[in-house]
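The lines below spell out each chain.
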Amino acid sequence: HVGTIGMIERGVIAGRYHLGVIPEHRHSETLAYHELFGETMQLYAGRGHPWFDAHDEPLGWDDLRQQDLAALGYHSPNMALTHQRRLERRATASDQEAVATLVLSGAFVGFLPDHYAEGFVRAGRMRAVAPEVLRYTCRFSAIVRQSPAPLRLTQAFLDALGAEHGGF
C-alpha cells in the first residue's frame, strides 16, 4: 500500500502491515526503525515560473518565503521543514506527484526528491532552484512492531532490505 506516514505507522502498529518504509520524522516507542537510505529533496520551479530562468540570482530561504509554495499537508520531513524555516504553504498536496503537478504548472515552487524530478529536469520542464541552499535530506527506514517479534518471513524480507541498503 502507498499512504501517508501516519497511515503506514498505524497499519504496522495495528498488525495490518508486517513492515513499512517511511521517511523518518519522529519515532514511536512501539516501532523498531531500520535505516535504509537517504533522499535529497531540492526546491524546483517549473517552466513559466519566474525562478525557472533565474539562474544567476542568489536565492535563499528569505526569498522562498515570498513564493507560492506547494508542500505536503501531512506530518512529514517536508512539513517539519516548512515549520522550521517559517514557510507558508500556498497549495497543499497529498503526495509527491501532486507537488510535481503544481510545480509543472509554473505557478508554484516545491520540494521534490532529486531522483523523482530528474526526468522533468532532463525534459526541460522544471529545474532545481539554488540547489546548494534550498534543499534538505531525509532518511528512510523500514519499520516493524517492537512486539511481538516479526514473523520469519517479515524478518527475512527485512534482512534482504538491509543487505540491499548496506546492512543495519
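In what follows, the structure referred to is the one given above.
What counts and how
- Residues numbered from 1 in each chain as written.
- Predicted model: local features only at pLDDT ≥ 70, side-chain atom pairs only at ≥ 80, totals over all residues.
- Heavy atoms only, no water.
- Helix = DSSP H or I, 4+ residues; strand = E, 2+ residues; numbered from the N terminus.
- Buried < 20%, exposed > 50% of the residue type's maximum accessible area, 1.4 Å probe, protein only.
- Areas by Shrake-Rupley, 256 points an atom, 1.4 Å probe, with all protein chains shown as cover.
- Lys, Arg positive; Asp, Glu negative; His and termini not counted.
- Charge placed at Lys NZ, Arg CZ, Asp CG, Glu CD.
- Core = buried A, V, L, I, M, F, W, Y, C linked by side-chain atoms within 4.5 Å.
- Contact = heavy atoms within 4.5 Å.
- Expected span 1.5 Å × (residues − 1).
- Arc of directions from axis to C-beta.
- Salt bridge = Lys/Arg side-chain N within 4 Å of Asp/Glu carboxyl O.

Secondary structure summary: the chain contains six helices and seven strands in total. Across the chain, helices and strands are ordered from the amino to the carboxyl terminus as α-β-β-α-β-α-β-α-β-α-β-β-α. Across its three principal axes, the chain shows a C-alpha extent of roughly 55 × 30 × 25 Å. For the chain, the residues scored as buried account for 45% of the 168 residues in total. Working note: accessible area of the chain is about 9,200 Å², and carbon and sulfur atoms make up 51% of it. Distance between charge centres in the chain, computed from 16 positive and 19 negative side chains, equals 5 Å.

For the rest of this paragraph, the subject is the environment of Glu57. Mapped onto the secondary structure, Glu57 falls in the loop between strand 2 (31–46) and helix 2 (61–64). Separated by 56 residues in sequence, Glu57 and His1 have C-alpha atoms that sit 42 Å apart.

One finds Leu43, Trp51, Leu64, Leu69, Phe111, Val129 and Leu134 to be the most contacted residues of the largest nonpolar core, which totals 20 residues. Sorting the residues of this core by element identifies strand 2, helix 2, strand 3 (69–72), strand 5 (109–113) and strand 7 (135–145) as the ones contributing at least two each. Excluding residues that lie within four positions of it along the chain, Leu69 makes contacts with Leu43, Leu64, Thr82, Leu87, Glu88, Arg89, Arg90, Ala91, Phe108, Val109, Gly110 and Phe111. Formed by eleven residues, the second largest nonpolar core is a distinct cluster that contains Tyr44, Ala93, Ala117 and Phe120.

Here we take up unusual backbone geometry. A cis geometry characterises the amide bond from Ser147 onward to Pro148, with omega recorded as -5 degrees. Not every positive phi belongs to a glycine, and Arg86 is a case in point at roughly 55 degrees. Phi at Ala130 is positive, roughly 45 degrees, even though this residue is not glycine. When you line up the elements, Ala130 lands in the loop between strand 6 (126–128) and strand 7.

Once that is clear, we can look at helix 6 (residues 152–164). Residue pairs three or four apart in sequence face the same way in an α-helix, which turns once every 3.6 residues. The end-to-end C-alpha distance of helix 6, which contains 13 residues, comes to 18 Å, matching closely the 18 Å that a straight helix rising 1.5 Å per residue would cover. Taken as a whole, helix 6 has its buried residues at Thr154, Leu158, Leu161 and Gly162. Summarising the axial view, the buried residues of helix 6 lie within an arc of 100 degrees, below the 170-degree limit, and thus occupy one face. Exposed positions of helix 6 whose direction lies more than 90 degrees from the buried face are Arg152, Leu153, Ala163 and Glu164. On its buried face, helix 6 sits against strand 2 and strand 7. Positioned one or two residues after helix 6, Gly166 has a phi angle of 95 degrees, which is positive.

Assignment of secondary structure puts His49 in the loop between strand 2 and helix 2. Beyond its immediate chain neighbours, meaning those up to four positions away, His49 contacts Gln67, Gly106, Ala107, Phe108 and Val109.

Let us now look at the pattern of salt bridges. Under the definition given, this model contains six salt bridges. Taking the shortest distance from any N to any O, the salt bridge between Glu35 and Arg139 comes out at 2.7 Å. In this pair, Glu35 sits in strand 2 while Arg139 sits in strand 7, placing the two residues 104 residues apart along the sequence. Accessibility expressed as a relative area gives 36% for Arg139, which makes it partly exposed. Linking Asp62 and Arg65 is a salt bridge whose minimum nitrogen-to-oxygen distance equals 2.2 Å. By sharing partners, the salt bridges in this structure join Asp68, Glu88 and Arg90 into a single network.

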